[in-house]
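# Architecture at a glance
One letter stands for each residue in the lines below.
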Amino acid sequence: MTALTLSTSSAATVRADAVVVGVAKGAKGVVVAPGAEAVDKAFGGKLAAVLETLGASGAEGEVTKLPAADGLKAPVVLAVGLGDAPAKGDGYDNEALRRAAGSAARALSGTKKAGFALPVEDAEAAAAVSEGALLGAYAFTTYRSNGNGKNAKSAPLGEATILGGKPRDKEFKAAAERSVALAEEINRARDLINTPSNDLDPKSFAAHAQAAAKEFGLKVEVLDEKALKKGGYGGLMGVGQGSETPPRLVRIAHTHPKADRTLALVGKGITYDSGGISLKPAGHNETMKCDMSGAAAVFAAVVAAARLGLQVNVTGWLALAENMPSGSATRPGDVLTMYSGKTVEVLNTDAEGRLVLADALTRASEETPDAIVDVATLTGAMVLALGHRHFGIMSNDDAFRTSIHEIAEEVGEQSWPMPMPVHLRKGMDSPVADIANMGERMGGGLVAGLFLKEFVGEGITWAHLDIAGPAFHEGAPWGYTPKGGTGSAVRTLVRLAERTAAGDLG
Ligand code: BES
Ligand code: MN
Ligand code: ZN
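Residues numbered from 1 in each chain as written. Chains lettered and ligands numbered in written order. Predicted model: local features only at pLDDT ≥ 70, side-chain atom pairs only at ≥ 80, totals over all residues. Heavy atoms only, no water.

### Some words on the overall build of the chain
Scanning the chain for helices and strands turns up 14 helices and 20 strands. For the chain, whose C-alpha radius of gyration is 24 Å, the value lies close to the compact-globule estimate of 23 Å for 506 residues. Across its three principal directions, the C-alpha atoms of the chain cover 80 × 50 × 45 Å. Expressed as a percentage of its 506 residues, the buried residues of the chain come to 57%. Here the contacts in the chain between residues at least 6 apart in sequence split such that 76% fall between residues at least 24 apart. Total accessible area on the chain stands at roughly 20500 Å², and carbon and sulfur atoms take up 50% of it. (Helix = DSSP H or I, 4+ residues; strand = E, 2+ residues; numbered from the N terminus. Rg over C-alpha atoms; globule rule 2.2 N^0.38 Å. Buried < 20%, exposed > 50% of the residue type's maximum accessible area, 1.4 Å probe, protein only. Contact = heavy atoms within 4.5 Å. Areas by Shrake-Rupley, 256 points an atom, 1.4 Å probe, with all protein chains shown as cover.)

This is the structure:
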């Protein structure tokens, strides 16, 4: 990954291949953001005018490269748009900084070193710039050969050095270190999501968890198909039984000797979702390697909690299976006996996520954590409702749902609270079993949430994040969001763990 440093150099003296400055849209045209003073001076105080002449407007994500003026060590200046300039007296929003740093870092791929002279008033802002740069520089090149042309491997930005960030200040140092651990873990989740299903199956995913646990000192346990069968994990077994690669349930735990709270995170880890016997049509299955994004987010968040030494226990549950059609696959109409003992009539084998999550939720509940949060690419209906940038939040506790929404906002992730309308439960009544895995089509995301709720232990605070929209990005890269796996929900989960550690929640 791109290296990160904090430097006391000014934008004029930094030894780098390029220096990044921020520009915004002011009432009377382009304004240069704080941090760029030395660069502006080198341009005779006319940087904004020069940029305007070059066609810049300060719009979010806009990148303008220009040769440096005399007096600057770096040969190139990259001006990146921050969007609308803040009102007088207000600072730049951290998410605007994160996105701008991401756009700049992406535009600098192939470059060895860049200085970021963006406005960093406090440690949080410096962390946002650092996160944006490290996330924006991400590239998934594992499967690229080194040839020429459009598909050639190009090296990401080698080093991002944050200017104006007080490297000797404890707070700035800690924020920068946190941002590195966080970005590395988000990029770990992205790598897993982007890895095609022929190279990532339940078994190899579990091996990744074991390797990371060893590296960072976490406790890990893997239930294989024998243990799952013996333990009565009917949901995981039912979904995985059509595949050549059997299911796994991974428990990966960060513990802290002084922790007085435990957070359980449960991730949907369908390494490929073909739909099973209720096969998805072409056009709906090309990106289904991403159906383990919830498990990837949970995995990354638990490892981040360990790397940051958070004073809270965080237990991750990865519900891993491959959903395939075959002679041994679950049929529509089959009844599964779940780990909880409840029976489920599988009306549609493509509603598999809720089956593997149900078992993991019941198992996680046995340890009576203070809260459970599950993360899943669960329903197309949530994508229809909220689009590709927001994840939906459902919960059995309105205050907890609100907290998660606020935390997401704070870390720059977009989300929206969704209701749990109990009248939708009767749509899942089954003539043969305790519940069916499908209900009314309308409000399908809410139906899925209601199904999950039935498998959460009595009295346990729980929330469900449906990340089907933001988990995988098919459009052009923007800000720090690349094509493919995004690492959606990792920042929210890590901040939730930090809040839980601080005793700010419940
Ligand atoms: N993995 C899909 C949901 C999904 C859709 C994720 C689009 C990412 C992008 C899930 O397993 C699924 O197939 N859900 C069905 C449920 C239905 C059969 C009740 C859906 O949403 O259509
Ligand atoms: Mn499915
Ligand atoms: Zn799925």
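Additional details are given in the paragraphs that follow.
### Let's talk about the coordination of the manganese ion (ligand 2)
Only Asp273 (OD), Asp350 (O), Asp350 (OD) and Glu352 (OE) from the protein coordinate the manganese ion (ligand 2), and they sit 2.1 to 2.2 Å from it. Between the two metal centres, the manganese ion (ligand 2) and the zinc ion (ligand 3), the spacing is 3.1 Å, with aspartate 273 acting as a shared donor. Of this pair, aspartate 273 sits in strand β10 (residues 262–273) while aspartate 350 sits in the loop between β13 (343–345) and α10 (353–365), and the two are 77 residues apart along the sequence. By relative accessible area, aspartate 350 is classed as partly exposed at 23%. (Donors = N, O, S within 2.8 Å, 3.2 Å for Na, K, Ca; no water.)

### Observations regarding the coordination of the zinc ion (ligand 3)
Donor atoms from the polypeptide that bind the zinc ion (ligand 3) are Lys268 (NZ), Asp273 (OD), Asp291 (OD) and Glu352 (OE), placed at 2.0 to 2.4 Å. Note that the zinc ion (ligand 3) binds 6 donor atoms; their angles at the metal cover 78 to 173°, and the shape is octahedral. (Tetrahedral: all angles 85-135°; square planar, octahedral: opposite > 155°, others 65-115°.)

### Focus on the nonpolar core
Phe116, Val373 and Leu465 are the most contacted members of the largest nonpolar core, which totals 93 residues. The residues that make up this core include at least three from each of domain 1 (3–163) and domain 2 (187–501). When sequence neighbours within four positions are dropped, the list of residues in contact with valine 373 reads Ala264, Leu265, Val266, Phe400, Ile404, Ala463, Leu465, Leu493 and Leu496. (Core = buried A, V, L, I, M, F, W, Y, C linked by side-chain atoms within 4.5 Å. Domains from an automatic or database assignment.)

### Looking at unusual backbone geometry
Positioned with a positive phi, threonine 368 is a non-glycine residue whose angle comes to about 40°. Unlike most non-glycine residues, alanine 489 shows phi in positive territory, near 85°. Assignment of secondary structure puts alanine 489 in the loop between β20 (484–485) and α14 (490–501).

### Details of the sheet that holds strand β18 (residues 461–466)
With mixed pairing, the 8 strands of this open sheet are ordered in space as β8-β9-β11-β10-β14-β18-β15-β16. The outermost strands of the open sheet, each flanked by one partner alone, are β8 (219–223) and β16 (415–417). Averaged over all neighbouring strand pairs, the angle between strand axes comes to 20°, with direction disregarded. Sheet topology places β10 next to strand β11 (residues 313–323); 11 bridges connect them, and they run parallel. Opposite alanine 264, over in β11, you have threonine 315 as the bridge partner. Across the sheet, α10 touches β9 (248–254), β10, β11, β14 (371–376) and β18, and the angle it forms with β10 is around 155°. (Pairing = 2+ DSSP bridges. Axes fitted to C-alpha atoms, helices over the stretch in contact; angles between N-to-C directions.)

### A few points about helix α9 (residues 293–307)
Here α9 spans 21 Å end to end across 15 residues, near enough to the 21 Å set by a 1.5 Å rise per residue. Most of α9 is tucked away, with 14 of its 15 residues classed as buried. Positive phi appears at glycine 309, one or two residues downstream of α9, with a value of about 60°. (Expected span 1.5 Å × (residues − 1).)

What is shown is where atoms sit, not what they do.
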